[in-house]
Amino acid sequence: MKVLVINAGSSSLKYQLYDMTDETVLAKGLVERIGMDSSILTHKPTGKEEVTEVSEILEHTTAIRKVLEKLTDKEHGVLSSVDEIQAVGHRVVHGGETFKGSALVTPEVKAEIRRLFDLAPLHNPPAIMGINAAEVNMPGVPNVVAFDTAFHQTMEEKVYLYPIPKVLYKKHRIRRYGAHGTSHQYVSRVAAEFLNRPIEELKIITCHIGNGASLTAVKGGVSVDTSMGLTPLEGLMMGTRSGDLDPTVVTFVMNKEELSISEVNSMLNKHSGLLAISGSSSDMRDITDGWEAGKPNETLAFEMYEYRLRKYIGAYAAAMNGVDVIVFTAGVGENSAIVREKTCENLSYLGVELDKELNKVRSGEPRRISTPNSKVEVLVIPTNEELMIARDTLQIVQESK
Ligand code: ADP
């Protein structure tokens, strides 16, 4: 079965086409600047040259039509006909409390995703555009939605509630939802497979650290706590997001600087984190380069980032009364040996012992970076949210037949 996975943003659309008989990627690509004057389609068929095409793409329906043209193109294509695509999987950021797993798209499911626009005003509307665009271009082909929040729906009430007046939860569903669920679920499963141990027996801390960053405590295969909250602003210090702070900072700054709600939101989401402290970059490569060169602002940014990350690991070891496995994944987690080294250096009280040489090895495969004596297995596992969505899509479509 061939499954197309779509990740639709407001002005972009990423895609990957899988042959699920052996889970290989047949082609992947990206449409950028949708709705702007010159949109860019980058298409990479496996084993063939990458192609880039600039044209006017005003909305997502045209974007998907262009993608399907590329997938069936004589020169750059990988399919003889669009009919070969038997299902489409969509990434959706917010599934609220309704979606505890991936779901087959029905009019009711679409209505529920719309109802959740309030909780993810920037992210859920483009997901609906992507679903509609797939329905128009591929009539009769089933669509499945996979939610970033779904994996964390196993958190207990004591974990997901904020200690604020309960009426706010009742009226507006204000609670912790988490994010990056597809990634945390994927890497925790791969970790158990890699170690050849039943996931039900394991206490795993998964560190998804990229531009956005979150940690999850996975006990017995389910999420028991995660660092992101009502929105992806809570938790770790990130590239441009502040992570945890005293909520009074918000009202205080709004008052003193006469900022509006959208200005203060923008400050905390786009102008904080590594970028704010270093004053130069949100990219961990620049921060660690600056730290190595002894630049004070980059050094402070790096130290704050590592300190906050390490505190969360300690908190999750406490949440689970122990930890068997720590997994690093996403842009920083997979690539930055120094972030992993410095973080693990101060986890010796947990019995973590890093093999510094193994930690420096680069490979796109799951690997162990702890010593044989380490009480905690430390692994680097490349995340693959698209594959996880393709697997869910295949399973749900097969079950629905
Ligand atoms: P997103 O959250 O946007 O999906 P990614 O998981 O792709 O992001 O992570 C992107 C980030 O990964 C970059 O901003 C950069 O900080 C970091 N990164 C990528 N490569 C390296 C590297 N070699 N060393 C350190 N950090 C890296």
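Residues numbered from 1 in each chain as written. Predicted model: local features only at pLDDT ≥ 70, side-chain atom pairs only at ≥ 80, totals over all residues. Heavy atoms only, no water.

If you look the chain up in an unreviewed UniProt entry, it shows as Acetate kinase from Paenibacillus barengoltzii G22. Per UniProt, the chain carries the Subcellular location (unreviewed entry) text "Cytoplasm". Taken verbatim from the UniProt record of the chain, the Pathway (unreviewed entry) comment is "Metabolic intermediate biosynthesis; acetyl-CoA biosynthesis; acetyl-CoA from acetate: step 1/2." (UniProt positions renumbered as here; feature names shortened; annotations may be inferred.)

K.L.:
Help me out: how do you make sense of the sheet that holds strand β14 (residues 377-380) in this one?
P.N.:
Remark on secondary structure: sheet strands pair via backbone hydrogen bonds, oriented parallel or antiparallel. Across the sheet, 6 strands lie side by side as β11-β10-β9-β12-β14-β13; this open sheet has mixed pairing. One side of each edge strand has no neighbouring strand; the edge strands of this open sheet are β11 (222-226) and β13 (367-368). Two elements, β13 and β14, share 2 bridges in a ladder whose sense is antiparallel. Counterpart to R368 in the pairing with β14 is L379. Strands β9 (203-209), β10 (213-219), β11, β12 (325-329), β13 and β14 of the sheet are contacted by helix α6 (residues 181-195), whose axis makes an angle of about 130° with β9. (Pairing = 2+ DSSP bridges. Helix = DSSP H or I, 4+ residues; strand = E, 2+ residues; numbered from the N terminus. Contact = heavy atoms within 4.5 Å. Axes fitted to C-alpha atoms, helices over the stretch in contact; angles between N-to-C directions.)

K.L.:
What should I look at first to understand the UniProt feature "site: Transition state stabilizer" (unreviewed entry) in the chain in this one?
P.N.:
Per the UniProt entry, the sites bearing "site: Transition state stabilizer" (unreviewed entry) are H180 and R241 in this numbering. The residue H180 is located in the loop between α5 (167-172) and α6 in this model. Discounting chain neighbours no more than four positions away, the residues touching H180 are D148, H152, H208, G212, A213, S214 and M228. By the secondary structure assignment, R241 is in the loop between β11 and α7 (248-257). Aside from chain neighbours lying at most four places away, what touches R241 is G212, M228, P232, L233, L268, N269, S272 and G273. Of note is the side chain of R241, whose polar atom sits 2.9 Å from the backbone oxygen of P232. (Polar contact = N/O pair within 3.5 Å; in protein donor to acceptor, adjacent residues only side chain to side chain.)

K.L.:
Sorry, what's going on with the packing of helix α1 (residues 60-71) against helix α3 (residues 124-137) here?
P.N.:
If you want to describe how two helices pack, look at the angle between their axes and the distance between the axes. At a minimum axis distance of 8 Å, the contact between α1 and α3 shows a crossing angle of 55°. Here α1 lies oblique to α3, going by the angle between them. Here the hand of the crossing between α1 and α3 comes out right-handed. Packed against α1, whose contacting residues are H60, T61, I64, R65 and L68, the element α3 presents M129, G130, A133, A134, V136 and N137 at the interface. Broken down by class, the residue content of the contact of α1 with α3 amounts to 6 nonpolar, 4 polar and 1 charged. (Parallel < 35°, antiparallel > 145°, perpendicular 65-115°, else oblique. Left-handed = near helix turned anticlockwise from the far one by under 90°. Nonpolar A, V, L, I, M, F, W, Y, C, P; charged D, E, K, R; others polar.)

K.L.:
Help me understand the pairing of β10 in this model?
P.N.:
Regular strands show a simple pattern: their side chains alternate between the two faces of the sheet. Among the 7 residues of β10, 6 are classified as buried, and the element is accordingly described as predominantly covered. Where β9 meets β10, 7 bridges bridge the pair, whose relative direction is antiparallel. Considered in β10, the bridge of I209 is made with A213. Where β9 folds back on β10, the antiparallel hairpin that results is connected by 3 residues. Pairing between β10 and β11: 4 bridges, direction antiparallel. Looking at β11, one finds that A217 is bridged to D225. Connecting β10 to the next strand, β11, in antiparallel fashion are 2 residues, including G220 with a positive phi near 60°. (Buried < 20%, exposed > 50% of the residue type's maximum accessible area, 1.4 Å probe, protein only.)

K.L.:
Can you walk me through the layout of surface pockets in this structure?
P.N.:
Which parts of space are left empty comes out when a probe the size of a water molecule is rolled across the atoms. There is about 290 Å³ of room inside the second largest pocket. Lining the second largest pocket are 21 residues; nearest its centre among them are K100, G101, S102, Q185 and D392. Counting residues per element, the ones that place at least two in the lining of the second largest pocket are β8 (143-147), α6 and α15 (385-399). Considering every element that reaches the lining of the second largest pocket, the biggest residue donor is α15, with 6 residues. Of the residues that constitute the lining of the second largest pocket, the class distribution is 8 nonpolar, 9 polar and 4 charged. (1 Å grid on protein atoms, 1.4 Å probe; cavity = no way out; pocket = protein on both sides within 12 Å on 5 of 7 lines; lining within 4 Å. Points joined across faces, edges and corners; volume = space filled by probe spheres on them.)

K.L.:
Please explain α6 as it appears in this structure.
P.N.:
End to end, α6 covers 21 Å across 15 residues, agreeing with the expected 21 Å (1.5 Å per residue, within 8%). Listing the buried residues of α6 in full gives G181, T182, S183, H184, Q185, Y186, V187, S188, V190, A191, A192 and L195. Looking one or two residues past α6, N196 carries a phi angle of roughly 55°, positive in sign. (Expected span 1.5 Å × (residues − 1).)

K.L.:
Looking at this structure, I do not really get helix α2 (residues 107-115). What am I missing?
P.N.:
Helical geometry: 3.6 residues make up each α-helical turn, so side chains three or four residues apart lie on a common side. Within α2, burial applies to V109, K110, E112 and I113. For α2, the arc enclosing every buried residue in end-on projection is 160°, short of the 170-degree limit, so these residues lie on one face. The exposed set on the far side of α2, more than 90 degrees from its buried face, consists of P107, E108 and R115. Looking at the buried positions of α2, the neighbouring elements they touch are β6 (85-92), β7 (103-104), α3 and β8. (Arc of directions from axis to C-beta.)

K.L.:
Help me out: how do you make sense of the side chain of T299 in this one?
P.N.:
The topology assignment puts T299 in helix α11 (residues 296-319). For T299, a relative accessible area of 17% corresponds to the buried category. With residues near it in sequence (within four places) discarded, T299 still touches G290, W291 and G294.

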